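# Structural features, examined
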Amino acid sequence: MSIENSAARIRVPKTSELVADQIRAQIVRGELKEGDSLPPEGTLMATLGISRPTLREAFRILEAEALISVVRGSRSGARVHQPSVELVSRYAGYLLESEGTTIADLYAARLAIEPTVVRWLATAKGQTPGFARLKQALADLQDMLSSDAYAEFVDNVSSFHQTLVEATGNKTLSLMNRMLLNLGRHHQNDYQRRHPRTTEDKYKSLRAGFKSFEKLVTMIEAGDVEGAVAHWRLHLRNANDTWAARGEGERIVDSLHG
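All of the points below concern the structure found in this document. All values derive from a computational prediction rather than experimental measurement.

## Digging into the overall build of the protein chain
For the protein chain, the helix and strand inventory stands at 11 helices and two strands. Here the C-alpha radius of gyration of the protein chain, 24 Å, is well above what a compact globule of 258 residues would show, namely 18 Å. Its C-alpha atoms give the protein chain principal-axis dimensions of about 65 × 45 × 40 Å. The 258 residues of the protein chain split such that 36% are buried. In the protein chain, the proportion of contacts linking residues at least 24 apart, taken out of those at least 6 apart, comes to 73%. Taken as a whole, the protein chain presents about 14800 Å² of accessible surface, with 53% of it coming from carbon and sulfur.

Here it is as structure tokens:
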């Protein structure tokens, strides 16, 4: 391929894209905070030396990325939004579903992440910045059980798992885990609708789950690395035997329904 032909294929960004890039960078770097208002259109047009159509096209790009919201006819300018973990994990869920990712695949990934997290935490004997939040999450679950708030307990089990990963301070794993938990919660809600249980059975299951969480936290604080890892791996495998059992594990993840 000649240099001439290669050069002809280079795409020059539109002015609106360059403007969007500039505003996006300010949002991502924290120069523009959640809830801030961008200057009025007239001010931005004069400052950037661009036309109204160009500015509005830049706004449309940023709106599509959920980084700003524009109220038509408002004089206060566009409102800034920080990048959202929930939005990213939701979109990642769409991608996994479109690729035919199964429930078994989802739970296998969780089994790969959480025991490693437990190893890190137990090695540090729980001396990480986020471990106090994990203990608080455990205490909150205990309060829910004590007050017979079973539905609330179930809703907060995924929060315990997420707080467990966040206790490491590893933001990459935390984001990945949040995505897995969101998809897993969708499947669990659907599973429970299709397989209703008596209140007594639910209570026994929740009590057993809580005792397992409690044991994990105790082992981590004691620095029982291998014991904690083995315990949590068994806990997850037992859970997976239900959520990803034959006839369930083959299902495609559902990113659209809670």
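## Re the side chain of Gln-188
Within the fold, Gln-188 resides in helix H9 (residues 171–194). Apart from residues lying up to four places away in sequence, Gln-188 is in contact with Tyr-107, Arg-110 and Trp-243.

## Examining the nonpolar core
Core analysis: the largest hydrophobic core is formed by 42 residues, its most contacted members being Val-118, Phe-160, Leu-164, Leu-216, Ile-220 and Trp-232. Among the elements of the structure, helix H6 (103–123), helix H7 (131–146), helix H8 (150–166), H9, helix H10 (199–222) and helix H11 (225–243) are those that each provide at least two residues to this core. Discounting chain neighbours no more than four positions away, the residues touching Leu-216 are Val-118, Phe-160, Leu-164, Ala-228, His-231 and Trp-232.

## Some words on the pattern of salt bridges
Per the stated rule, a full pass over the model turns up 14 salt bridges. Among the ionic pairs, Glu-57 bridges to Arg-60, the shortest N-O distance being 2.9 Å. Taken together, the positions of Glu-57 and Arg-60, both in helix H4 (residues 52–64) and three residues apart, correspond to about one turn of that helix. A cluster of three or more residues bridged by salt bridges with shared partners is formed by Asp-190, Arg-193, Arg-194, Glu-248 and Arg-251.

## Considerations on the packing of aromatic side chains
Applying the stated criterion across every chain yields a total of six aromatic pairs. Measuring from ring centre to ring centre gives 6.3 Å for Tyr-91 and Tyr-94, while their planes differ by 70 degrees; the resulting arrangement is edge-to-face. One end of the pair is Tyr-91 and the other is Tyr-94, both in helix H5 (residues 85–98) and three residues apart, which spans about a single turn. With a relative accessible area of 60%, Tyr-91 lands in the exposed category. With a centroid separation of 6.4 Å and an interplanar angle of 55 degrees, the aromatic rings of Phe-160 and Trp-232 are classed as tilted. Of the two residues, Phe-160 sits in helix H8 while Trp-232 sits in helix H11, which places them 72 residues apart along the sequence. The structure contains a cluster of three or more aromatic residues connected by ring pairs, namely Phe-160, Phe-213 and Trp-232.

## Side note on H10
For H10, with 24 residues, the first-to-last C-alpha span of 35 Å sits near the 34 Å given by 1.5 Å per residue. For H10, the full list of buried residues reads Leu-206, Gly-209, Phe-210, Ser-212, Phe-213, Leu-216, Val-217, Met-219 and Ile-220. Buried positions along H10 lie against H6, H7, H8 and H11. Phi for Gly-223, located one or two positions after H10, is positive at around 75 degrees.

Reading the values: the criteria
- Residues numbered from 1 in each chain as written.
- Predicted model: local features only at pLDDT ≥ 70, side-chain atom pairs only at ≥ 80, totals over all residues.
- Heavy atoms only, no water.
- Helix = DSSP H or I, 4+ residues; strand = E, 2+ residues; numbered from the N terminus.
- Rg over C-alpha atoms; globule rule 2.2 N^0.38 Å.
- Buried < 20%, exposed > 50% of the residue type's maximum accessible area, 1.4 Å probe, protein only.
- Contact = heavy atoms within 4.5 Å.
- Areas by Shrake-Rupley, 256 points an atom, 1.4 Å probe, with all protein chains shown as cover.
- Core = buried A, V, L, I, M, F, W, Y, C linked by side-chain atoms within 4.5 Å.
- Salt bridge = Lys/Arg side-chain N within 4 Å of Asp/Glu carboxyl O.
- Phe/Tyr/Trp six-rings, centres within 6.5 Å; stacked < 30°, edge-to-face > 60°.
- Expected span 1.5 Å × (residues − 1).

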